[in-house]
Amino acid sequence: MSTLPPFDAPTLIAAKRDGHRLPDAAIDWLIDGYTRGAVAEEQMAALLMAIYLRGMDAEETVRWTAAMIASGERMDFSDLRRNGRRLSTVDKHSTGGVGDKITLPLVAVVAACGAAVPSASGRGLGHTGGTLDKLESIAGFDATLSTARLREQLVGVGAAIFAAGALAPADAKLYALRDITSTVESLPLIASSVMSKKLAEGAGALVLDVKVGSGAFMKSAPQARELAEIMVGLGAAHGVRTRALLTDMNTPLGCAVGNAIEVAEALEVLAGGGPADVVALTVRLAQEMLTLAGLDKRDPVATLSDGTAMDRFTALVAAQGGDLGVPLPVAACAETVTADRGGIMGDIDAMAVARAAWRLGAGRSRPGEPVQHAAGVRIHRRPGEPVAAGETLFTLYTDTRERFGPACAELDGGYRLLGDGDTPPVPRPLILETTP
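The name an unreviewed UniProt entry gives the protein chain is Pyrimidine-nucleoside phosphorylase, with Mycolicibacter longobardus as the organism. What UniProt states about the protein chain under its Subunit (unreviewed entry) heading is, verbatim, "Homodimer." What UniProt states about the protein chain under its Sequence similarities (unreviewed entry) heading is, verbatim, "Belongs to the thymidine/pyrimidine-nucleoside phosphorylase family."

This is the structure in structure tokens:
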């Protein structure tokens with residue numbers, strides 16, 4: 001005799017459509033059924049739209065996140081030890097920005113200070129870059145790690161940057177569906193998507209870098225603050241010490257936007273140089289991570305000057321099959337954008353630069369599409385800096401020459417030169433606030 005399921009999708013869709021709370025057991029059934037294919041794509045699409053329009057309360061969001069975690073493996077590194085001492089594990093997640101290569105120097109800095117950083121990362125989609133796409137511009141780098149190999153690397157190197165793989169597979173399916181049903185912007189769905197993967201990776205503490213501005217998914221501080229509070233609450237509900245920073249993303253981070261050129265800039269930071277904003281954000285996030293990990297007496301700045309952070313990054317790349325001795329990819333074609341007059345560089349719109357890099361081939365328009373590792377945009381003059389007539393403002397890189405036209409069209413209007421009568425750009429703080 002067949003047993004009827006305890007719930008059915010049409011009833012639950014109607015309940016959420018009408019503004020009712022979904023019971024915990026119903027959420028568990030939905031996520032499990034959708035992951036297995038028992039709940040149809042069109043049914044989940046309808047439910048996602050109902051959630052987008054009606055929202056979820058805090059308890060629903062906690063349960064939705066827990067169900068997504070339960071759809072796959074949940075790692076546990078609480079028993080990790082080095083030289084007989086327990087290793088504190090901590091990670092960082094960014095909600096997505098432009099020129100955001102912070103993960104690369106950050107995990108090395110925090111590892112050099114004595115913590116272990118298991119960093120499950122993703123690939124870019126749309127205008128935001130992906131950490132794995134950047135790292136895979138390094139010859140031989142392999143982001144696929146077994147749990148046993150990951151544990152070994154955390155003890156030996158102190159950090160690993162790896163593909164999520166079996167972590168929260170329900171999220172991978174849901175994200176792809178949200179992307180094609182105009183339901184990406186739902187705050188409970190964003191929060192549960194981010195936190196399901198990060199909580200499943202097993203770190204004992206988590207720092208969230210919530211981007212705000214034109215180049216971020218969250219355009220306003222109140223919206224970003226609400227998302228941060230939801231994610232911090234999810235961390236607390238699942239026993240993971242969590243803190244969020246709201247950081248500016250109106251202007252690209254650093255001077256490089258792409259894949260290989262961002263790796264090169266990260267290496268500059270690890271060598272003790274690099275753009276001031278990239279260094280400042282790396283250090284601040286490291287301080288927050290070390291505080292949550294109980295290692296706040298360690299100095300992250302010293303690791304950049306004494307070479308220990310570079311040593312950790314080199315060891316991480318080597319452990320994952322990468323060879324930094326092989327030159328990073330160089331684009332076959334380059335084109336410059338020059339100043340038609342002298343003046344001062346005004347604000348640079350992060351989204352315009354991101355769209356230009358995407359047009360050049362640095363990003364993808366659909367999952368699985370290959371990226372051009374050498375494509376991207378280099379920014380030569382930052383807001384507020386003087387500019388001479390004929391000076392290079394941007395260099396565009398691609399392997400496909402016909403991409404220059406669309407890329408330049410995206411960049412046009414994304415910056416302007418200021419003359420004598422114009423008001424110079426007002427510097428914005430990089431760190432807007434911390435939650436809690």
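A. Fine view of the overall build of the protein chain. Across its full length, the protein chain carries 16 helices and 15 strands. Here the protein chain has a C-alpha radius of gyration of 22 Å; the compact-globule value for 436 residues is 22 Å, and the two agree. C-alpha atoms of the protein chain, sized along the principal axes, occupy 80 × 55 × 40 Å. In the protein chain, which comprises 436 residues, the proportion classed as buried is 52%. Sequence separation of at least 24 residues holds for 79% of the intrachain contacts in the protein chain that already meet a minimum separation of 6. In the form shown here, the protein chain has an accessible surface area of approximately 17,500 Å², with 53% of it arising from carbon and sulfur atoms. Computed over 42 positive and 51 negative side-chain charges, the separation of the two mean positions in the protein chain equals 3 Å.

B. The arrangement of the environment of arginine 225 in detail. With respect to the helices and strands, arginine 225 occurs in helix H10 (residues 221–237). Arginine 225 sits in the partly exposed class, given a relative accessible area of 27%. When the C-alpha positions of arginine 225 and alanine 244 are compared, they lie 8.9 Å apart, and in sequence the two are 19 residues distant. Here the side chain of arginine 225 touches glutamate 433 through a polar contact of 2.8 Å, side chain to side chain.

About the criteria used
Residues numbered from 1 in each chain as written. Predicted model: local features only at pLDDT ≥ 70, side-chain atom pairs only at ≥ 80, totals over all residues. Heavy atoms only, no water. UniProt positions renumbered as here; feature names shortened; annotations may be inferred. Helix = DSSP H or I, 4+ residues; strand = E, 2+ residues; numbered from the N terminus. Rg over C-alpha atoms; globule rule 2.2 N^0.38 Å. Buried < 20%, exposed > 50% of the residue type's maximum accessible area, 1.4 Å probe, protein only. Contact = heavy atoms within 4.5 Å. Areas by Shrake-Rupley, 256 points an atom, 1.4 Å probe, with all protein chains shown as cover. Lys, Arg positive; Asp, Glu negative; His and termini not counted. Charge placed at Lys NZ, Arg CZ, Asp CG, Glu CD. Polar contact = N/O pair within 3.5 Å; in protein donor to acceptor, adjacent residues only side chain to side chain.

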